[in-house]
Amino acid sequence: MTFKAVIFDLDGVIVNTVPLYYKATLPIADKLDISFTEEDNLLYQGRPRMELIQMLAKRSDQSFTYEEMVELGEWRNRNYQQLIAQLTEGDLMPGMKGFIQELANDKISMALASASSNAEFVLHQLGLTSYFDVIMDPKSLRNGKPDPEIFVTAADRLGIAHKDCVAIEDGEAGLKAILSTQMFSIGVGTSYYLSAADWTISHTSCLTLERVRAQFRQRQNN
């Protein structure tokens, strides 16, 4: 038995945009006169934008209407869009282009399950759009990660059973989402929470079609 589809997270899996989110958020934190650390940035990775803005607003001594928080979120997004406009194929995570090409050569379906509203633009910048059969629009979903909706909807749109899918994440919320499905989970990174994945790798350069197949088959045999 082998898998028939791979569902990818974007940030930290295909491209390292995590530092860009940090840079985009710092001006908002400065305006609110609060601290915002790289650890804070990682904590909210993969979660809806407004969750972060609400957290920042609670830390501030200032009070904000919902409309004002929306504007803060849009300001952060504009900052981020300026940064990702400079992305090129050279910003891909190590080994990722080769892995995606292997999947395409073997006719394995691919989907993108990112919480970012800019995901399709980023794929375009990286020259990867044509490889993906499904690109999820987070605005079309009722629930964000850690709810599994984005992953199961991606699999359903591919027309592939959840148990025949591999899903790759580096964020805690995203991994929790995958673990609540029948999908084979791959955690990328060294954070403690990634040890819950079916297969944990320290870096994307570990990803090859042969290795993923071997790990997938091992789980099926257990």
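Residues numbered from 1 in each chain as written. Predicted model: local features only at pLDDT ≥ 70, side-chain atom pairs only at ≥ 80, totals over all residues. Heavy atoms only, no water.

Quick word on the pairing of strand β2 (residues 109–112)
The alternating pattern of β2 places S109 and A111 and M110 and L112 on opposite faces, both of which are buried. Where strand β1 (residues 5–8) and β2 come together, 4 bridges link them in parallel fashion. Bridging from a neighbouring strand, F8 pairs with L112 of β2. Where β2 meets strand β3 (residues 134–135), 2 bridges bridge the pair, whose relative direction is parallel. By the bridge assignment, A111 is partnered in β3 with V134. Handedness of the crossover is the feature at issue here: the chain leaves β2, passes through helix α6 (residues 119–126), returns alongside β3, and the resulting connection is right-handed. (Buried < 20%, exposed > 50% of the residue type's maximum accessible area, 1.4 Å probe, protein only. Helix = DSSP H or I, 4+ residues; strand = E, 2+ residues; numbered from the N terminus. Pairing = 2+ DSSP bridges. Right-handed = clockwise from strand over helix to strand, strands pointing away.)

Focus on the sheet that holds strand β4 (residues 165–169)
Sheet strands line up and pair through hydrogen bonds in the backbone, either parallel or antiparallel. Here we have 6 strands laid out as an open sheet, ordered β3-β2-β1-β4-β5-β6, and parallel in their pairing. Lying at the two open borders of the sheet, with one neighbouring strand each, are β3 and β6 (199–201). Inspection of the sheet shows β4 paired to strand β5 (residues 184–188) by 4 bridges, in the parallel sense. Each residue of the ladder has a partner; that of I168, found in β5, is I186. The sheet strands contacting helix α8 (residues 172–179) are β4 and β5, and the helix crosses β4 at an angle near 160°. (Contact = heavy atoms within 4.5 Å. Axes fitted to C-alpha atoms, helices over the stretch in contact; angles between N-to-C directions.)

Considerations on unusual backbone geometry
Going from K145 to P146, the amide bond is cis rather than trans, its omega being 15°. With respect to the helices and strands, the residue P146 is situated in the loop between β3 and α7 (149–158). The phi torsion at K107 lies on the positive side, around 60°, for a residue other than glycine. Along the chain, the position of K107 falls in the loop between α5 (96–105) and β2.

Focus: the nonpolar core
Residues F8, I14, F132, I168 and I186 are the most contacted members of the largest nonpolar core, which totals 40 residues. The next biggest cluster of nonpolar side chains, apart from the first, holds 19 residues, and it includes A5, A111, F151 and A155. (Core = buried A, V, L, I, M, F, W, Y, C linked by side-chain atoms within 4.5 Å.)

A few points about the side chain of E169
Following the sequence through the fold, E169 ends up in strand β4. Among the polar contacts listed, one links the side chain of E169 to the side chain of K145, at a separation of 2.7 Å. Residues contacting E169, with those up to four places away along its chain left out, are D9, V13, K145, F151, G174, L175, I178, I186, G187, V188 and L194. (Polar contact = N/O pair within 3.5 Å; in protein donor to acceptor, adjacent residues only side chain to side chain.)

Some words on the packing of aromatic side chains
Inspection of the entire model under this criterion finds 7 aromatic pairs. With centroids separated by 6.2 Å and ring planes inclined at 65°, the aromatic side chains of F8 and F99 adopt a geometry described as edge-to-face. With F8 in strand β1 and F99 in helix α5, this residue pair connects regions lying 91 residues apart in the sequence. Geometrically, the ring pair formed by Y21 and Y80 is stacked, given 4.2 Å between the ring centres and 10° between the ring planes. Of this pair, Y21 sits in helix α1 (residues 18–32) while Y80 sits in helix α4 (residues 66–84); the two residues are 59 residues apart in sequence, bridging distant segments of the chain. For the pair Y21 and Y80, a shared accessibility class is recorded, and that class is buried. What links up through ring pairs into an aromatic cluster is the set F3, F184 and F216. (Phe/Tyr/Trp six-rings, centres within 6.5 Å; stacked < 30°, edge-to-face > 60°.)

Focus: the packing of α1 against α4
As a packed pair, α1 and α4 sit with axes 8 Å apart at the nearest point and diverge in direction by 145°. Remark: the crossing between α1 and α4 carries right-handed chirality. Where α1 abuts α4, its residues L20, Y21, K23, A24, T25, P27, I28, K31 and L32 lie against L72, W75, R76, N79, Y80, L83 and I84. Class assignment for the residues of the contact of α1 with α4 results in 11 nonpolar, 2 polar and 3 charged. (Left-handed = near helix turned anticlockwise from the far one by under 90°. Nonpolar A, V, L, I, M, F, W, Y, C, P; charged D, E, K, R; others polar.)

Thoughts on the pattern of salt bridges
For the coordinates displayed, the defined rule picks out 10 salt bridges. Notably, a salt bridge pairs K4 with D164, separated by 3.9 Å at the nearest N-O pair. With K4 in the segment before β1 and D164 in the loop between α7 and β4, the pair connects residues that are 160 residues apart, well separated along the chain. Overall, K4 belongs to the partly exposed group, its relative accessible area being 49%. We classify D164 as buried; its relative accessible area is 7%. A salt bridge links E71 to R78; its shortest N-O distance comes to 3.0 Å. The class of R78 is partly exposed, set by a relative accessible area of 39%. A single salt-bridge network, built from bridges that share partners, covers K4, K163 and D164. (Salt bridge = Lys/Arg side-chain N within 4 Å of Asp/Glu carboxyl O.)

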